[in-house]
Amino acid sequence: MLKIFKYLKESKWSVLAIIALLVVQAYCDLALPQYTADIVDVGIGQKGIETVVPERMRGSTYEVLGALMTQEEKVLFSSAYRQEADGNYVFQGDQDTVEFLEEALGIPALLLSMGNTGGISEAEGLRDLLGAEVTDQQLLQIREQVLQELGESGETLLAQRGILFVQQEYESLGMDMGRIQTNYLLRTGGMMLVYSVVMMATAILVGLLASRIGAKLGLNLRERVFTKVVSFSHGEMEKFSTASLITRSTNDIQQVQMVVVMMLRMVVYAPIIGVGGVVKVLRTRTGMGWIIVVAVALILGLVGVLMGVAMPRFKKMQTLVDRLNLVSREILTGVPVIRAFSREKFEEERFDRANRDLMSTQLFTGRVMTIMMPAMMLIMNGISIMIVWFGAQGIDLGNLMVGDMLAFITYTMQIVMSFLMLTMISVMLPRAGVAAGRIQEVIDTQVSIVDLEQVRDKELGEARGVVAFEDVSFRYPGADEDALEHLTFTARPGETTAIIGGTGCGKSTLLNLIPRFYDVTGGRITLDGVDIREVSLHKLRSLLGYVPQKGVLFSGDIASNLKFAGGDISDDAMEEAARIAQAEEFILAKAEGYRSEISQGGTNVSGGQKQRLSIARAIAKNPRVYLFDDSFSALDYKTDVTLRKALQEKTAQATVIIVAQRISTILHADQIIVLEEGKIAGMGTHGELLQECQAYREIARSQLSEAELEGGRAG
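Worth saying up front: this structure is predicted, and the values here are computed from it rather than measured. (Residues numbered from 1 in each chain as written. Predicted model: local features only at pLDDT ≥ 70, side-chain atom pairs only at ≥ 80, totals over all residues. Heavy atoms only, no water.)

Undergrad: Explanation requested: helix α5 (residues 95-104) in the structure shown.
TA: For an α-helix the count is 3.6 residues per turn, leaving residues at separations of three or four pointing the same way. What α5 keeps buried is the set Thr 97, Val 98, Leu 101 and Ala 104. Projection of α5 onto a plane perpendicular to its axis shows the buried side chains occupying an angular sector of 125 degrees, all on one side. More than 90 degrees from the buried face of α5, the exposed residues found are Gln 95, Asp 96 and Glu 103. The backbone nitrogen of Asp 96 lies 3.4 Å from a side-chain oxygen of the residue at the head of α5, namely Asp 94. (Buried < 20%, exposed > 50% of the residue type's maximum accessible area, 1.4 Å probe, protein only. Helix = DSSP H or I, 4+ residues; strand = E, 2+ residues; numbered from the N terminus. Arc of directions from axis to C-beta. Polar contact = N/O pair within 3.5 Å; in protein donor to acceptor, adjacent residues only side chain to side chain.)

Undergrad: Can you help me understand the packing of aromatic side chains in this one?
TA: In the structure shown here, the tally under the stated rule is 14 aromatic pairs. Taken together, a centroid distance of 5.3 Å and an interplanar angle of 55 degrees make the contact between Phe 77 and Tyr 81 tilted. We note that Phe 77, like Tyr 81, is buried. Aromatic pair Tyr 626 and Phe 628: ring centres 5.9 Å apart, planes at 5 degrees, arrangement stacked. Relative accessible area serves as the criterion here: at 0%, Phe 628 is assigned to the buried category. Grouped by ring-pair contacts, the aromatic residues Tyr 62, Phe 77, Tyr 81, Tyr 89 and Phe 91 constitute a single cluster. Here Arg 343 stacks its cationic end above the ring of Phe 346, 4.2 Å away from the centre of that ring. (Phe/Tyr/Trp six-rings, centres within 6.5 Å; stacked < 30°, edge-to-face > 60°. Lys NZ or Arg CZ within 6 Å of the ring centre and 35° of its normal.)

Undergrad: Whenever I open this one, the sheet that holds strand β13 (residues 655-659) confuses me. Can you help?
TA: Two strands in a sheet stick together by hydrogen bonds in their backbones, pointing the same way (parallel) or opposite ways (antiparallel). Read from one edge to the other, the open sheet built from six strands follows the order β9-β12-β13-β6-β14-β15, with strand pairing classed as mixed. In the strand order of this sheet, the two ends are held by β9 (544-547) and β15 (679-684), each with one partner. Each strand of the sheet is rotated relative to its neighbour by a mean of 15 degrees, with strand direction disregarded. Of the strands in this sheet, β9 and β12 (625-629) touch helix α23 (residues 607-621), which is tilted by about 180 degrees from β9. (Pairing = 2+ DSSP bridges. Axes fitted to C-alpha atoms, helices over the stretch in contact; angles between N-to-C directions. Contact = heavy atoms within 4.5 Å.)

Undergrad: Quick question: what am I supposed to make of the pattern of salt bridges here?
TA: Side-chain pairing between opposite charges can occur once the charged atoms of the two side chains come close. Counting across every chain of the model gives 20 salt bridges. The partner of Glu 330 in a salt bridge is Arg 350, and the shortest N-O contact between them spans 3.1 Å. Remark: Arg 350 occurs in helix α16 (residues 344-397) and Glu 330 occurs in helix α14 (residues 289-333); sequence separation between them is 20 residues. Given the relative accessible area of 39%, Glu 330 is considered partly exposed. Here Lys 650 makes a salt bridge to Glu 576, at a shortest N to O gap of 3.8 Å. A residue pair is termed long-range when its members are at least 10 positions apart, and Lys 650 in helix α24 (residues 637-650) and Glu 576 in helix α21 (residues 571-580) qualify at 74 residues. Residue classification places Lys 650 among the partly exposed residues on the basis of a relative accessible area of 27%. Shared partners join several salt bridges into a network, and the residues in it are Arg 56, Glu 84 and Asp 86. (Salt bridge = Lys/Arg side-chain N within 4 Å of Asp/Glu carboxyl O.)

Here's what the structure looks like:
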């Protein structure tokens, strides 16, 4: 979870803009229920009259109201109204004056509304009864007594009678009540429309910004993961499976990206609307706030139980996705072998197990989460019933208005929906949290092979290509024994150095140390006397032409594969490399020649063709050191001999190091190194080794005839 928030730091200004927009959206959303309540209570119930303070009144009404006020109230009352030529009074005060006069006019308006024709006679009778010398204190006491007689519904009754008084006064003045009501409804409805439009606009902007942040986040994460993976040495690559790295680069990043968008649109909005809803509910003064507490407690309990059950399965799900990808990749890449050994049934069962494990986990979490929505709806509907039940009782007693109850229901639903939004995102967060952890694991992995701060690249400006192993030892991470032990030899320009030995003796490992796919654990390897660990990886590898044991081609065409080393390779150099690698014949036999398509992995060319194209790619680079890792194994003997002869002319000034299984490939090498269990068992030419090295003789005897052996000894 914290990792996901960490990713958002890169877009902090956009996130702040989203928060500001969500505050505006929540303000509009929270304002609408109150306008709905006003339309019901004021627009319909009170015929558009909002307050007990009349905008206009007759002179007689003005005098009676003033007579029923305290001295302080009279002063403000008289300053709030201006008398017109017709003797009527018009309100000219501000909102603060309205709020003060609403309280002062409550009981006087109640008394006046009880009259038959404006209520004036009864008000005068009350004043006569009180006597001319009634003090302000006595007047306040009388008001208190009236409120006590009205009982619990006193405030509501005062408000209703006050509105009735204003209606009677307006009718007495001949004002159009229908027009007043229509104007109020249009004005209030217009405000609701404005708030709705603003809310819609902010929601659209939030969606746009959130999508942009999510897309940018996905772009950055994919770039960071890819950049880190490309920088991995073989040691780091072995830590993560290829299937896992693909899942982390695609599915995991998509999970994080989707949750980030949902978080920005829902998680940030939910607490704003929830807290705002609570504040609005408290202001409604319905006395039903305890219903909110019950609703929140039920929701939190439900979410806690469901997440406690589902969370472990969510964490397991990504591992199962990895497993399914791994099995799928193995089966799809190994289809020919599977068919050749008639293992289709076994592989189908293996895939089915991985598929069903993932399916059962997804079904379990899906079923658990499916319970959540009906349970939430049950809680919401139950809460609505409670509000209507207890609200109806309040309306019946005169303590609550219909509009207030409707507003309370709306605010309660907003609060519940805010928790529902949090619940929905909480379903996705566990998987996204696991995915973020897996992504971060790749990003945080320390690359074991890196450049030094001070490199010696300048010393290799005119590199000759002398490669020297000086007491080199190497042990794989986590291994108990060295794979290579105390190797010392030198490979020089113009010479071919061959490495041969039994399977598993460390031939390919030795070759992989030169481009620093691994670093030596003992001794050192030098290039022209400079330790290769003191040279930048870019400089070192720019001097090497590497042909792996398994030919690797990339989707594109033949030309793009042969020019893979860089755009500075000319067409002439590319064609020359193809001729030397004995690839020109089959290339030109294709309809489009060098522009012929190469499918992913080179699946549309044979093994021998793939190997020749890989050799041509290294030749086109024109490096100082050639590294061939058993790169001639797929060639027939005729092609092998022709290729090596052409290659010898091309590499006359370069260092050539060949790892081979066939002695015929290295027969004429200037130096042959025989490896046995990671150690040098012999070193010399073919003839010297036949005479001096038992291990080499055994290899030669298994591949050469007696005549060839005798010829070698004689040579």
